[in-house]
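What the coordinates show
Read off the chains here:
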Amino acid sequence: AIDPSFENTYEEVDRHEDHRVWTTDGEEPTEDKQGIHGTHVAVDFDICIADGACLEDCPVDVFEWTDTPGHPESEIKADPTYEDQCIDCMLCVDVCPVDAIDVDPG
Ligand code: SF4
Ligand code: F3S
Ligand code: ZN
């Protein structure tokens, strides 16, 4: 499952669209090791298997597919492109079969 303390245990390394990208070691993401995208709505790309339930169920369409060619779990990932629109319903957290998503209502 995604580490809910990633803001402390990971390092911010990059930006993708308008959101942050985090990796464990502060190194740039690689094909095999993509890290976490987003902050308020965070998706661990190394855990996501492209199930798609989050895209289907999010009532405000926070997620979009993004390509991750060569990643061992899946070659597309649910990217939290519109995390600013999140209404903290927690549906995506509940439906993801691999617990790849963390939402911090803070
Ligand atoms: Fe969408 Fe709800 Fe998940 Fe926020 S918590 S990203 S509104 S499904
Ligand atoms: Fe990925 Fe889980 Fe969504 S596997 S596509 S983050 S439901
Ligand atoms: Zn992204």
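Read on for a plain summary of the structure. (Residues numbered from 1 in each chain as written. Chains lettered and ligands numbered in written order. Predicted model: local features only at pLDDT ≥ 70, side-chain atom pairs only at ≥ 80, totals over all residues. Heavy atoms only, no water.)

Around ligand 2, the surrounding shell holds 13 residues, and the nearest of these are C48, I49, G52, C54 and C96. Split by residue class, the shell around ligand 2 holds eleven nonpolar, one polar and one charged. (Near = heavy atom within 4 Å. Nonpolar A, V, L, I, M, F, W, Y, C, P; charged D, E, K, R; others polar.)

The next subject is the sheet that holds strand 2 (residues 19-23). In space, the five strands of this open sheet follow the order 1-2-3-4-7, with antiparallel pairing throughout. The strands lining the two open edges of the sheet, one partner per strand, are strand 1 (11-16) and strand 7 (101-103). By the bridge criterion, two bridges tie strand 2 to strand 3 (residues 36-37) in an arrangement that is antiparallel. Paired with W22 across the two strands is I36, which belongs to strand 3. (Pairing = 2+ DSSP bridges. Helix = DSSP H or I, 4+ residues; strand = E, 2+ residues; numbered from the N terminus.)

How two aromatic rings sit relative to each other is given by the distance of their centres and the angle of their planes. In this structure the tally under the stated criterion is one aromatic pair. Measuring from ring centre to ring centre gives 5.3 Å for F6 and W22, while their planes differ by 80 degrees; the resulting arrangement is edge-to-face. Placement of F6 in helix 1 (residues 6-9) and of W22 in strand 2 is noted, with a sequence separation of 16 residues between them. Note on F6: relative accessible area 1%, which makes it buried. (Phe/Tyr/Trp six-rings, centres within 6.5 Å; stacked < 30°, edge-to-face > 60°. Buried < 20%, exposed > 50% of the residue type's maximum accessible area, 1.4 Å probe, protein only.)

Taken together, the side chains of E11, D14, E27 and E28 present a region of like negative charge at the surface. Structurally, E27 can be placed in the loop between strand 2 and strand 3. (Patch = residues over 30% accessible without salt bridge, like charges linked within 9 Å, V, L, I, M, F, W, Y side chains within 5 Å. Areas by Shrake-Rupley, 256 points an atom, 1.4 Å probe, with all protein chains shown as cover. Salt bridge = Lys/Arg side-chain N within 4 Å of Asp/Glu carboxyl O. Lys, Arg positive; Asp, Glu negative; His and termini not counted. Charge placed at Lys NZ, Arg CZ, Asp CG, Glu CD.)

It is worth spelling out the environment of F6 at this point. Separated by 18 residues in sequence, F6 and T24 have C-alpha atoms that sit 8.2 Å apart. Once residues lying within four places of it in the same chain are set aside, the contact partners of F6 are W22, I36, G38, T39, A42 and D102. (Contact = heavy atoms within 4.5 Å.)

Our focus in this paragraph is the coordination of the zinc ion (ligand 3). Reference geometry at the metal: tetrahedral coordination by four donors gives ideal angles of 109.5 degrees; octahedral coordination by six donors gives 90 or 180 degrees. Around the zinc ion (ligand 3), the protein contributes the donor atoms H16 (ND1), H19 (NE2), H37 (ND1), D79 (OD) and D79 (OD), at 2.0 to 2.6 Å from the metal centre. Binding-site remark: the zinc ion (ligand 3) is held by donors from one chain whose sequence spacing is H-x2-H-x17-H-x41-D. One end of the pair, H16, is in strand 1; the other, D79, is in strand 6 (residues 76-79), with 63 residues separating them in the sequence. (Donors = N, O, S within 2.8 Å, 3.2 Å for Na, K, Ca; no water.)

A separate point is the site of ligand 1. Surrounding ligand 1, one finds 13 residues, the nearest of these being C58, C86, C89, M90 and C92. Here the shell around ligand 1 is built from residues that sort into 13 nonpolar, no polar and no charged.

Now for the environment of I76. Mapped onto the elements, I76 comes out in strand 6. With sequence-adjacent residues up to four places away left out, I76 is seen in contact with C48, A50, W65, T66, D67 and T68.

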